[in-house]
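# Structural overview for review
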Amino acid sequence: MSAATILRSTALQPGKGSVLGRHYLPSRAEEVRWGWLPNADATPVLRVADGATVTIDTLSHEGLLADQGRDPARYVRQFGAVDVLDDAVEVAASDLANGPEDGPHVVTGPIAVMGARPGDMLRVDVLDLAYRVPYGFVSNRHGYGALAGEYPQDLRSTPTRHVDRMITDGSVSHFAWVERRSGREVGVMDAGRGRTVQFALAPFLGLMGVAPATSDAVPSVPPGDHGGNIDIKHAGVGATLYLPVAVDGALFYTGDPHFAQGNGEVALTALEASLRATLRLSVVPAAQVRGVLGGVRTPVVETATHWIPTGMDADLDEAMRQAVRHAVAFLHGRFGVPRSVALAYLSAAGDFEVSQVVDAVKGVHCLIPKADWAAWA
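Here the residue numbering is sequential within each chain, running from 1 through the sequence in written order. pLDDT decides what is reported in this predicted model: residues at 70 or higher carry local features, side-chain atom pairs at 80 or more are listed and counted, and totals for whole chains, interfaces and linings draw on all residues regardless. Computation of side-chain values covers all heavy atoms of the structure but excludes hydrogens and water.

By salt bridge we mean one thing: a side-chain nitrogen of Lys or Arg within 4 Å of a carboxyl oxygen of Asp or Glu. Tallied over the full model, the rule gives twelve salt bridges. A salt bridge links K370 to E302; the shortest N-O distance between them is 2.7 Å. Here K370 is found in the segment after β24 (362-369), whereas its partner E302 is found in strand β21 (residues 300-302), with 68 residues between them in sequence. The burial state of K370 is the same as that of E302; both residues are buried. With its nearest N and O atoms 2.8 Å apart, the salt bridge here joins E318 to R321. Of this pair, E318 and R321 are both found in helix α5 (residues 316-335), three residues apart, which corresponds to roughly one turn of the helix. Only protein chains enter the accessibility calculation, which uses a 1.4 Å probe; a residue is then buried when its area is under 20% of its type maximum, exposed when over 50%, and partly exposed in between. According to the relative accessible area criterion, E318 is buried, its value standing at 17%. Among the charged side chains, a network of salt bridges with common partners joins D57, D87, R132 and R276. Labels follow the DSSP assignment, with helices taken as runs of H or I lasting at least four residues and strands as runs of E lasting at least two, numbered in each case from the N terminus.

Before going further, it helps to examine the packing of α5 against helix α6 (residues 339-349). For helices, the axis comes from a line fit to the C-alpha atoms of the stretch in contact; other axes are also lines fit to C-alpha atoms, and the angle between any two N-to-C directions lies between 0 and 180 degrees. Contact geometry of α5 with α6 gives a least axis separation of 9 Å together with a crossing angle of 120 degrees. Compared by their axis directions, α5 and α6 come out oblique. Crossing of α5 over α6 shows right-handed handedness. In contact with V324, A327, V328, A329, L331 and H332 of α5, α6 contributes R339, A342, L343, Y345 and L346. Among the residues forming the contact of α5 with α6, the class breakdown is nine nonpolar, one polar and one charged. Note that the term roughly parallel is reserved for angles under 35 degrees, roughly antiparallel for angles over 145, roughly perpendicular for angles of 65 to 115, and oblique for everything else. It is the rotation of the near helix from the far one that decides the hand of a crossing: anticlockwise by less than a right angle makes it left-handed, clockwise makes it right-handed. Two residues qualify as a contact provided that any one of their heavy atoms is within 4.5 Å of a heavy atom in the partner residue. Amino acids are sorted into nonpolar (Ala, Val, Leu, Ile, Met, Phe, Trp, Tyr, Cys and Pro), charged (Asp, Glu, Lys and Arg) and polar (every other residue, Gly among them).

Attention shifts here to the sheet that holds strand β5 (residues 52-57). Pairing between two strands requires that DSSP report at least two bridges joining them. Read from one edge of the open sheet, nine strands run β1-β5-β20-β7-β17-β21-β22-β24-β23, paired in mixed fashion. Strands at the two margins of the open sheet, each flanked by one partner only, are β1 (23-25) and β23 (351-356). Across this sheet, the average inter-strand angle for adjacent strands is 25 degrees, counted without regard to direction. Summarising the sheet, strand β17 (residues 240-244) and β21 pair through three bridges and their orientation is antiparallel.

Here we take up the environment of P118. Note that P118 resides in the loop between β6 (106-113) and β7 (121-131). Sequence separation between P118 and P285 is 167 residues, and the spatial gap between their C-alpha atoms is 9.4 Å. In contact with P118, not counting residues within four places along its chain, are V245, A246, V247 and D248.

On to the side chain of Q356, then. Inspection of the secondary structure puts Q356 in strand β23. Accessibility expressed as a relative area gives 0% for Q356, which makes it buried. Definition of a polar contact: a pair of N or O atoms within 3.5 Å, with one able to donate and the other able to accept a hydrogen when the atoms are protein atoms, and with sequence-neighbouring residues admitted only if both atoms are side-chain atoms. Among the polar contacts listed, one links the side chain of Q356 to the backbone nitrogen of V358, at a separation of 2.9 Å. A polar atom in the side chain of Q356 sits 3.0 Å from the backbone nitrogen of D359. Those residues in contact with Q356 that sit more than four places away from it in its chain are P223, I230, D231, G264, E265, V361, K362 and G363.

Dropping the structure here:
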């Protein structure tokens, strides 16, 4: 079955379809940031109460970027896609600058959460993630990625389409679509010689964060203590992300939606595709943080089965050390176990994974099984 015969479902256009949250936030060209994050001086586009639910129409940057023609309708229809998001067309056609010095991400927000103060943690519960379109792209561009200098191999300057692959200006973008096979939705990609390869879909928001306490411009690519582009694939539906509040109101933002990602994100991007996200934003007061996160004051993901402290640094070895330190601090602070015991336990039972190696600041996260600590609760 070809992509063209599949991609005929209705796009989840701005304001259309089911909105599950108490509040709704579209990605309007006059409100989003393209390649930059909100800082301490940013003006909120929405203010909500502690514990409020918000449905946010996030936008993938793929198909909008200059090396893809900054014309998403023309770009995606080359691959047989019928549905194009109106907000994608609007952002791409706007006068928003997005050049070589800017990050690629369309960042929606910030949202001010009433009562959030420095020293608190913002709790972000991921309640629902709906596909806005049934397709996306995986790109390797401009010599970035885990094999920078080796890939892309084909650096033709003339835009060329090879079945479901677009080569232009030293970038290679692979088109992938959503298909239902054996009772489940999977991602499908052309694999050459008339064959396709399928892979599991597990949507999540690659970029969720709060404003850092600075008036300086904050680029969207490198993650940090503020969160941002952390690209942790475990932050899907049912997961919770904790972020350290640095400014009044927290000033939460999101973007970089993914349908799927492997740990490492080695090409440069995951399967980048737009999602409608419904999130609950709650404040964990400073006095209660230790009972939730132990001694950690950096981003932590929690799922039904694991606590997931993070480590981030431009050097992958240091990112690993940070992840170990934060995992030890979590166990020591929350459960009161000696640090040496926490380290020994992590060596026996903690799983450390590389979140991504392509965002200038690299990420490592640690999976701590909750079941091991059930008797301590």
